[in-house]
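What the coordinates show
Next come the chains, spelled out residue by residue.
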Amino acid sequence: MKKIVIAIALCGISTSTMAETNTYDLTVSTQGSSFLFEKSNDSNHTNNKYVIERHSTPKGTEYYFKISPDAPIENTDGIWQLITSEYSKTAQEAKDICAKNRLSNSKWRSPTTAEVDGAMKNFDQSFGMAMAEMGKNTSFMGALVDGTYMYSNQSHKGKVVVSTSLTNPEPTLCIQE
């Protein structure tokens with residue numbers, strides 16, 4: 001009888017520290033002044049980045065948001081710069097402008113669509129600061145090494161398109177190597 005009670009107690013303790021199966025997205029508040037964790041409705045969980053873990057402690061229950069192991073994380077440590085003094089409309093022009101940039105005595109390059117997409121989805125702080133160079137309520141596009149991007153500073157959202165070029169020159173986005 002004691003063995004059964006101990007086994008049940010151990011099962012209860014071990015399940016309280018397991019991760020919950022719900023996934024959460026990190027989103028920008030409607031005012032654009034903070035970030036929120038929102039429970040995901042996406043059934044295939046391709047854009048979900050966080051899971052919640054519940055831990056029982058002597059003082060009570062603690063909850064932790066942890067990055068999901070299958071989350072698509074790209075370039076979370078990049079240093080971004082939007083060069084508003086030199087415009088590009090092709091991948092080659094963007095590459096050339098970034099290559100000659102010498103800010104902070106660093107090497108710079110034109111980012112890929114995957115890097116820009118990852119920075120947008122992961123709310124990369126350096127990327128957001130670079131985008132803010134264009135002003136608070138602006139929407140704009142730019143050339144990348146393998147495509148283009150569109151971004152709105154009002155909604156803090158955008159998208160990338162592979163293998164297209166721009167019709168008008170736009171400010172050049174660069175990432176530090």
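Per chain, the residues get numbers from 1 upward, laid out in the order the sequence is written. Note on the predicted model: pLDDT of at least 70 is required for a residue's local features to be given, and 80 or more for side-chain atom pairs to be given and counted; whole-chain, interface and lining totals, by contrast, use all residues. Think of the side-chain values as coming from all heavy atoms in the structure, minus any hydrogens and water.

1. Describing the sheet that holds strand E10 (residues 170–176)
Sheets are built from strands that pair by backbone hydrogen bonding, the pairs being arranged parallel or antiparallel. Pairing is antiparallel across the open sheet formed by three strands, whose spatial order is E5-E10-E6. Looking at strand neighbours, the two that pair on one side only are strand E5 (80–88) and strand E6 (108–109), the edges of this open sheet. Examined bridge by bridge, E5 and E10 share six bridges and lie antiparallel to one another. In the strand pairing of E10, Trp-80 is matched with Ile-175. By definition in these notes, contact holds between two residues if any of their heavy atoms fall within 4.5 Å. Each axis is a line fitted through C-alpha atoms, taken for helices only over the stretch in contact, and angles between the N-to-C directions span 0 to 180 degrees. Secondary structure elements are taken from DSSP: a helix is a run of H or I of four residues or more, a strand is a run of E of two residues or more, and numbering for both begins at the N terminus. Contacting E5, E6 and E10, helix H2 (residues 91–100) crosses the sheet at an angle of about 120 degrees to E5. At least two DSSP bridges between two strands are required for those strands to pair.

2. A look at the side chain of Thr-113
Of note, Thr-113 is situated in helix H3 (residues 113–121). When sequence neighbours within four positions are dropped, the list of residues in contact with Thr-113 reads Leu-144, Asp-146, Gly-147, Thr-148, Val-160, Val-161 and Val-162.

3. Looking at the nonpolar core
We define the nonpolar core as a collection of buried residues of types Ala, Val, Leu, Ile, Met, Phe, Trp, Tyr and Cys that are connected through side-chain atoms lying within 4.5 Å of one another. Whether a residue is buried, partly exposed or exposed follows from its accessible area with a 1.4 Å probe, protein chains only, as a fraction of its type maximum: under 20%, in between, or over 50%, in that order. Ranked by internal contacts, the top residues of the largest apolar core, which has 14 residues, are Trp-80, Val-116, Phe-127, Met-131, Tyr-149 and Leu-173. Residue assignment for this core shows that the elements contributing at least two residues are E5, H3, helix H4 (125–131), strand E7 (139–144), strand E8 (147–152) and E10. Ignoring anything within four residues of it in the chain, the contact list for Leu-173 reads Trp-80, Gln-81, Leu-82, Cys-98, Ser-110, Pro-111, Val-116, Phe-127, Met-131, Leu-144 and Tyr-149. Judged by nonpolar contacts, the second largest core, of five residues, contains Ile-83, Cys-98, Trp-108 and Cys-174.

4. Some remarks on the confidence of the model for the protein chain
Confidence scores per residue from the predictor, reported as pLDDT, run from 0 to 100. Looking at the protein chain, pLDDT values average 75 and 71% of them are 70 or higher. Mean pLDDT across the elements of the protein chain bottoms out in helix H1 (residues 2–16) (41) and peaks in H2 (94). Note that pLDDT drops below 50 for residues 1–20; the model gives that stretch 12 contacts with residues more than four away or on any other chain. When the criterion is pLDDT under 50, residues 44–48 qualifies, and its contacts beyond four places in sequence or with other chains add up to 12 contacts.

5. A look at the packing of aromatic side chains
The description of an aromatic ring pair rests on the distance of the ring centres and on the angle between the ring planes. Only Phe, Tyr and Trp rings take part, Trp by its six-membered ring, and two of them pair if their centres are within 6.5 Å. Stacked means planes under 30 degrees apart, edge-to-face means over 60, and tilted covers everything else. This model, assessed by the stated rule, comprises four aromatic pairs. On the numbers, 5.5 Å between centres and 90 degrees between planes, the contact of Phe-127 with Tyr-151 is edge-to-face. You can see Phe-127 sitting in helix H4 and its partner Tyr-151 sitting in strand E8, a full 24 residues away along the chain. Both residues of the pair, Phe-127 and Tyr-151, belong to the buried class. Taken together, a centroid distance of 6.1 Å and an interplanar angle of 55 degrees make the contact between Phe-140 and Tyr-151 tilted. Of this pair, Phe-140 sits in strand E7 while Tyr-151 sits in strand E8, placing them 11 residues apart in sequence. Neither Phe-140 nor Tyr-151 differs from the other in exposure class; each is buried.

6. A word on the pattern of salt bridges
Throughout this description, the term salt bridge denotes a Lys or Arg side-chain nitrogen within 4 Å of a carboxyl oxygen of Asp or Glu. A full pass over the atoms with the stated rule returns three salt bridges. For the salt bridge of Arg-109 with Glu-115, the shortest nitrogen-to-oxygen distance reads 2.6 Å. Residue classification places Arg-109 among the partly exposed positions, given a relative accessible area of 27%. The salt bridge partner of Asp-117 is Lys-121, with a shortest N-O separation of 3.1 Å. Taken together, the positions of Asp-117 and Lys-121, both in helix H3 and four residues apart, correspond to about one turn of that helix.

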